[in-house]
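What the coordinates show
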Number of protein chains: 2
Amino acid sequence: MTSTMSEILDHPAFRKAQDLLRADHDRMVGEIITLTEIPAPPFAEERRAAAYLDMMRDAGLEDVQLDGIGNVTGLMPGSGNGGIIVVAAHLDTVFPEGTDVTVRREGTRLMAPGVGDDTRALAVNLSLIRSIRAAGLRTRSDILFVGDVGEEGKGDLRGIRHLLTEGAYRERVEGFFTVDGLESDALTSEAVGSYRYRVTFSGPGGHSYMAFGTVNPMHALAAVVTGLSQLDVPAEPKTTYAAATLGGGTSINAIPNEVWLEVDLRSVSQAELDRIDAAFHQMISTAVEAENRRGNAENGKITAHAERIGNRPAGRNADGSPFVASAAEAVAAFGFTPRFDASSTDANIPISLGIPAVRIGSGGTGGRAHSLDEWIDVEPELSLRGIYAILAAILAAAGMED
Amino acid sequence: MTSTMSEILDHPAFRKAQDLLRADHDRMVGEIITLTEIPAPPFAEERRAAAYLDMMRDAGLEDVQLDGIGNVTGLMPGSGNGGIIVVAAHLDTVFPEGTDVTVRREGTRLMAPGVGDDTRALAVNLSLIRSIRAAGLRTRSDILFVGDVGEEGKGDLRGIRHLLTEGAYRERVEGFFTVDGLESDALTSEAVGSYRYRVTFSGPGGHSYMAFGTVNPMHALAAVVTGLSQLDVPAEPKTTYAAATLGGGTSINAIPNEVWLEVDLRSVSQAELDRIDAAFHQMISTAVEAENRRGNAENGKITAHAERIGNRPAGRNADGSPFVASAAEAVAAFGFTPRFDASSTDANIPISLGIPAVRIGSGGTGGRAHSLDEWIDVEPELSLRGIYAILAAILAAAGMED
């Protein structure tokens with residue numbers, strides 16, 4: 001087996017794969033455009049998934065299928081014992097149904113919502129599949145390519161969560177790449193975890209003047225917001241809270257029956273996240289009790305219901321993880337200076353499960369992700385160097401056969 | 001001049017007016033239905049005003065006109081020096097455009113949104129005008145009948161405020177009745193004043209994780225709500241506050257740019273109302289300053305803008321006011337046990353200006369005002385006793401000529 005990065009890079013089959021990737025680049029760009037123009041709003045990735053399934057099959061993967069949650073998966077069998085390296089890119093965009101996703105092209109620049117996040121990666125992975133097969137590259141581990149659903153926002157990582165906790169392949173996964181973002185120098189090895197809540201505070205309500213003194217759910221909400229604002233959080237591991245949105249009330253002349261608050265809690269440390277989560281729940285209980293003591297509850301007490309609307313586990317790869325190190329080595333081999341960041345991506349799930357995992361950029365440059373002005377530049381030299389780095393990282397993780 | 005209540009009640013013209021009111025009762029009920037079925041949503045009273053203007057003219061008033069704000073006014077001249085007693089009922093209902101205002105009738109019960117509040121009073125006043133004229137009753141003061149706009153909610157008493165502070169008759173008004181509500185035993189002689197605010201808290205916003213530490217306008221909002229909940233207010237004179245409605249925020253993963261809060265402050269004492277109003281403004285300043293000290297304001301500071309969206313002055317009639325006493329005497333004369341309450345009605349405006357003023361019920365019974373199930377009962381005996389009481393109160397105030 002070819003075990004060092006230099007052995008991989010010097011291997012004739014790797015060089016052949018590079019040539020094939022270069023020759024495939026225009027087709028890859030065409031597939032970015034094709035896929036970008038198939039809308040994939042949150043919770044409505046089906047059309048793009050169906051197209052991607054056909055493209056994976058055409059690229060030559062085996063067992064191409066839609067799994068129980070809507071991910072598209074396809075296998076590239078290895079020669080080994082059936083251990084799997086996942087290479088994923090997410091199908092969903094942040095853009096709602098009806099967004100104009102027509103791609104405009106000016107030279108090497110492509111402009112459209114979702115073109116870079118994460119559609120370029122979907123196309124890059126197809127090009128990698130074709131080139132690996134055509135170059136005759138063989139790996140020990142199986143490689144499972146995935147186009148997954150639900151990475152963005154309220155999707156709450158449901159695609160990869162399903163894949164790794166309920167999917168048919170879950171017990172065989174030994175390493176995980178999500179190809180997401182663009183810049184090849186940035187690798188995500190730490191998972192920013194988050195809990196998100198919608199807390200509904202209810203009470204009996206009443207006329208603002210006649211029923212004055214009645215318990216007011218807004219008082220409890222305010223105490224929780226103030227409690228959050230005074231919460232001690234460490235700068236390292238970075239831990240944050242945000243009182244984000246709120247609403248409710250009946251009319252200007254009524255004590256409200258119901259008000260609600262949405263809160264986002266995050267940390268790169270699951271222990272810190274769980275600590276502030278417990279503190280947050282304690283704040284809610286304390287605030288509700290205090291308002292029921294303060295006010296008149298003869299027509300009903302204040303109650304609060306905290307619905308968890310988001311749950312992304314935190315974590316980090318093991319110190320000195322060879323999986324992470326070889327991804328960095330692959331990136332460095334193609335002229336990038338690797339730097340690690342902490343972020344909230346599909347890699348959160350494997351990291352939290354103890355599976356080595358890295359988010360790696362799909363290459364090239366771009367900007368304005370999550371905005372209608374999103375763009376990427378597919379200038380081939382930089383674009384291809386990034387793709388070569390991904391290929392090297394995959395081969396190092398999956399074990400390249402001689 | 002007939003100066004005592006017993007002289008008024010025993011006067012043949014008064015008895016004749018009673019007979020005429022009784023004979024007119026069916027017509028009056030018909031006019032309740034006609035007027036109820038002409039929608040008069042907040043800030044859209046024009047159609048009902050136009051119809052009422054014609055009805056006032058038909059009833060025989062002079063100088064019937066629409067004033068600058070949309071009130072309908074019509075004069076019944078007296079024999080004296082031009083002093084005016086106002087007899088008002090409000091045109092507006094709380095119900096929005098498109099509400100089904102068809103009246104259903106079962107026996108003496110009429111059911112429709114707005115039928116009792118305050119449409120019955122509009123019709124009662126027409127019947128009083130006809131009967132006073134037909135009975136040949138003469139008063140010293142002029143009587144100005146008014147169908148006014150903007151009594152409910154955000155209407156903010158704009159009709160009567162205009163009449164008494166800008167209208168052509170304003171300097172001649174010596175006493176004021178608003179015929180509003182039903183029960184004849186309840187008289188309002190104290191005005192519950194209110195200030196209402198919509199406070200908008202703004203800040204730079206930012207990503208909940210990346211921009212953590214940035215000043216959050218919701219923290220300032222919460223501090224204001226908590227400050228209100230801890231505000232000391234006297235039970236007597238009754239003074240109240242309500243944090244009523246709120247909203248804002250961008251998304252679950254953003255520190256909000258803007259949140260807003262609506263607050264209702266009330267008191268029967270203008271001094272107490274002004275005291276808590278000042279305290280409220282102080283709370284806003286303190287909360288904004290505290291959040292700007294607590295958080296990172298390098299991308300912008302928190303600011304707050306308090307828009308006064310309601311202003312109803314507080315006050316009470318002079319102790320031992322003969323105007324109030326004779327209204328109570330009139331009600332008692334027809335078998336009711338007068339009781340005084342404090343409320344927020346069109347009478348707030350004259351009371352705050354030092355003009356003797358009382359809210360008097362239009363008679364009969366009913367319920368569920370401000371709901372779609374609103375109803376009244378026009379059973380003639382009780383209905384007419386209430387109307388006779390209003391007539392006696394008006395004549396006592398306006399000075400009945402022999």
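Residues numbered from 1 in each chain as written. Chains lettered and ligands numbered in written order. Predicted model: local features only at pLDDT ≥ 70, side-chain atom pairs only at ≥ 80, totals over all residues. Heavy atoms only, no water.

Going through the model one piece at a time under the given rule, you end up with ten aromatic pairs over all chains. Ring centres 5.4 Å apart and planes at 40° place the aromatic pair Tyr197(B) and Phe280(B) in the tilted group. In this pair, Tyr197(B) sits in strand E9 (residues 193-202) while Phe280(B) sits in helix H7 (residues 270-294), placing the two residues 83 residues apart along the sequence. In terms of burial, Tyr197(B) and Phe280(B) fall into one category: buried. In this structure an aromatic cluster arises from ring pairing among Phe14(A), Phe334(A) and Tyr388(A). Note that Arg308(B) overlies the ring of Tyr195(B), its terminal NZ or CZ placed 3.9 Å from the centroid. Sitting over the ring of Phe336(B), Arg385(B) keeps its end group 4.8 Å from the ring centre. (Phe/Tyr/Trp six-rings, centres within 6.5 Å; stacked < 30°, edge-to-face > 60°. Helix = DSSP H or I, 4+ residues; strand = E, 2+ residues; numbered from the N terminus. Buried < 20%, exposed > 50% of the residue type's maximum accessible area, 1.4 Å probe, protein only. Lys NZ or Arg CZ within 6 Å of the ring centre and 35° of its normal.)

Time to look at empty space enclosed by the protein. Residues and elements named next belong to chain B. This structure, assessed with the given rule, holds four cavities of 30 Å³ or more. Taken as a whole, the largest cavity encloses approximately 60 Å³ of empty space. Looking at the lining of the largest cavity, the element that brings in the most residues is strand E11 (residues 239-248), giving three residues. (1 Å grid on protein atoms, 1.4 Å probe; cavity = no way out; pocket = protein on both sides within 12 Å on 5 of 7 lines; lining within 4 Å. Points joined across faces, edges and corners; volume = space filled by probe spheres on them.)

Attention now goes to the sheet that holds strand E5 (residues 109-111) of chain B. Working definition: the strands of a sheet are paired by backbone hydrogen bonds and lie parallel or antiparallel to each other. Residue and element names in this part refer to chain B. Taken together, the four strands give an open sheet; going across it, the order is E4-E5-E19-E18, and neighbouring strands pair in antiparallel fashion. The outermost strands of the open sheet, each flanked by one partner alone, are strand E4 (104-106) and strand E18 (365-367). Neighbouring strand axes in the sheet, compared pairwise and without regard to direction, differ in orientation by 15° on average. Here three bridges tie E5 to strand E19 (residues 375-377), and the two strands are oriented antiparallel to one another. Its bridge partner being in E19, Arg 109 is matched across the sheet by Asp 377. Here helix H2 (residues 12-36) sits on the sheet and contacts E4, E5 and E19; the angle it forms with E5, its principal contact strand, is near 10°. (Pairing = 2+ DSSP bridges. Axes fitted to C-alpha atoms, helices over the stretch in contact; angles between N-to-C directions. Contact = heavy atoms within 4.5 Å.)

Mapping between the two chain copies consists of a rotation about an axis together with a translation along that axis. Superposing chain B onto chain A requires a rotation of 179° together with a translation of 0.1 Å along the rotation axis, leaving an RMSD of 0.2 Å. Accordingly, the operation relating the two chain copies is best matched by a two-fold axis. In this assembly, 98% of the residues forming the interface of chain B have copies in chain A that are likewise at the interface, indicating an isologous arrangement. (Least-squares fit on C-alpha atoms with pLDDT ≥ 70 in both.)

Further remarks concern the sheet that holds strand E14 (residues 303-312) of chain A. In spatial order, the strands read E14(A)-E9(A)-E13(A)-E11(A)-E11(B)-E13(B)-E9(B)-E14(B); together these eight strands make up an open sheet with antiparallel pairing. Looking at the sheet topology across the chains shown, the edges are occupied by E14 of chain A together with strand E14 (303-312) of chain B. Going across the sheet, the axis of each strand differs from the next one's by a mean of 25°, ignoring polarity. The sheet contact formed by strand E11 (residues 239-248) of chain A and E11(B) spans three bridges and is antiparallel. From the neighbouring strand, Leu246(A) faces E11(B), where its bridge partner is Gly248(B). Sitting on the sheet, helix H7 (residues 270-294) of chain A is in contact with strand E9 (193-202), E11, strand E13 (258-267) and E14 of chain A together with E11 of chain B, with an inclination near 10° to E9(A). Against the sheet, helix H6 (residues 217-229) of chain B engages E11 and E13 of chain A together with E9, E11 and strand E13 (258-267) of chain B, with an angle of about 15° to E13(B).

All right, on to the interface of chain B and chain A then. Chain B puts 47 residues into the contact, and the matching count from chain A is 46 residues. Counting each side, the surface lost to burial between chain B and chain A is near 3,500 Å², with a carbon and sulfur contribution of 67%. Counting across the interface, chain B meets chain A through zero salt bridges. The interface formed by chain B and chain A holds ten residue pairs in polar contact (both at pLDDT 80 or more) in total. Here the side of chain B that touches chain A gets ten residues from one element, more than from any other, and that element is E11(B). (Buried area = accessible area lost by both parts, 1.4 Å probe. Salt bridge = Lys/Arg side-chain N within 4 Å of Asp/Glu carboxyl O. Polar contact = N/O pair within 3.5 Å; in protein donor to acceptor, adjacent residues only side chain to side chain.)

This paragraph deals with the pattern of salt bridges. Taken as a whole and assessed by the stated rule, the structure comprises 43 salt bridges over all chains. The closest approach of N and O atoms between Asp185(A) and Arg339(A), which form a salt bridge, is 3.3 Å. Of the two residues, Asp185(A) sits in the loop between strand E7 (173-179) and strand E8 (186-191) while Arg339(A) sits in strand E16 (residues 339-343), which places them 154 residues apart along the sequence. For Asp142(B), the salt bridge identified is with Arg172(B), shortest N-O distance 2.7 Å. Of this pair, Asp142(B) sits in strand E6 (residues 142-148) while Arg172(B) sits in the loop between helix H5 (158-165) and strand E7 (173-179); the two residues are 30 residues apart in sequence, bridging distant segments of the chain. Residue class for Asp142(B) comes out buried when judged on its relative accessible area of 7%. Residue Arg172(B) is classed as partly exposed on the basis of its relative accessible area, which comes to 34%.

Let us look at unusual backbone geometry. What is expected of a backbone is that most residues other than glycine have negative phi and most peptide bonds are trans. With an omega of -5°, the peptide bond between Glu236(A) and Pro237(A) qualifies as cis. In this structure, Pro237(A) sits in the loop between helix H6 (217-229) and E11. The omega torsion across Asp117(B) and Asp118(B) is 10°, close enough to zero to call that bond cis. The topology assignment puts Asp118(B) in helix H4 (residues 115-135). At Asp63(A), a residue that is not glycine, the phi angle is positive and equals roughly 50°.

Let us look at the pairing of E13(A). All names here are of chain A. Within E13, eight of the ten residues are buried, which leaves it mostly tucked inside the rest of the structure. Alignment of E9 against E13, held across ten bridges, turns out to be antiparallel. Directly across from Arg 196, in E13, lies its bridge partner Asp 264.

So, about the UniProt feature "domain: Peptidase M20 dimerisation" (unreviewed entry) in chain A. Residues annotated in UniProt with the feature "domain: Peptidase M20 dimerisation" (unreviewed entry) correspond here to residues 193-287 of chain A. Counted over residues 193-287 of chain A, helix gives 33% and strand 36%. Its end C-alpha atoms are 26 Å apart. (UniProt positions renumbered as here; feature names shortened; annotations may be inferred.)

This part covers the domain arrangement of chain A. Residues and elements named next belong to chain A. Along its sequence, chain A is carved into domain 1 (5-191 + 314-401) and domain 2 (193-312). Summarising the inter-unit geometry, the C-alpha centres of domain 1 and domain 2 are found 39 Å apart. Counting from both sides, the interface comprises 14 residues of domain 1 and, opposite them, eleven residues of domain 2. Taken over both partners, the interface formed by domain 1 and domain 2 buries close to 940 Å², and the fraction arising from carbon and sulfur atoms is 38%. Taken as a group, Lys 154, Asp 156 and Ala 314 account for 46% of the area that domain 1 buries against domain 2, more than any other trio of residues on that side. In this structure, the salt-bridge partner of Asp 156 is Arg 312, at a minimum N-O distance of 3.9 Å. Counting every contact that joins domain 1 to domain 2 gives seven residue pairs in polar contact (both at pLDDT 80 or more). In the side of domain 1 that touches domain 2, the residues fall into four nonpolar, four polar and six charged. (Domains from an automatic or database assignment. Nonpolar A, V, L, I, M, F, W, Y, C, P; charged D, E, K, R; others polar.)

Moving on, we get to the confidence of the model for chain A. For chain A, mean pLDDT is 96; residues scoring 70 or higher make up 99% of the total. Quick note on the complex model: pTM equals 0.83, ipTM equals 0.82. (pLDDT = per-residue confidence, 0-100.)

All names here are of chain A. In contact at an axis separation of 8 Å, H6 and H7 are set at 140° when each is read in the N-to-C sense. Classified by the angle their axes make, H6 and H7 are oblique. Crossing geometry of H6 relative to H7 is assigned as right-handed. Contacts from His 219, Ala 220, Ala 223, Val 224, Gly 227 and Leu 228 in H6 reach Phe 280, Met 283, Ile 284, Ala 287, Val 288, Glu 291 and Arg 294 in H7. Considering only residue class, the contact of H6 with H7 consists of nine nonpolar, two polar and two charged. (Parallel < 35°, antiparallel > 145°, perpendicular 65-115°, else oblique. Left-handed = near helix turned anticlockwise from the far one by under 90°.)

Here we take up H7(A). Residues and elements named next belong to chain A. With 25 residues, H7 extends 36 Å from end C-alpha to end C-alpha; this agrees with the ideal 36 Å at 1.5 Å per step. Burial in H7 covers these residues: Glu 272, Leu 273, Ile 276, Asp 277, Phe 280, Met 283, Ile 284, Ala 287, Val 288, Glu 291 and Asn 292. Contacts made by the buried residues of H7 are with E9, H6, E11, E13 and E14. The distance from a side-chain oxygen at the start of H7 to the backbone nitrogen of Ala 271 is 3.2 Å, and the residue carrying that oxygen is Ser 269. (Expected span 1.5 Å × (residues − 1).)

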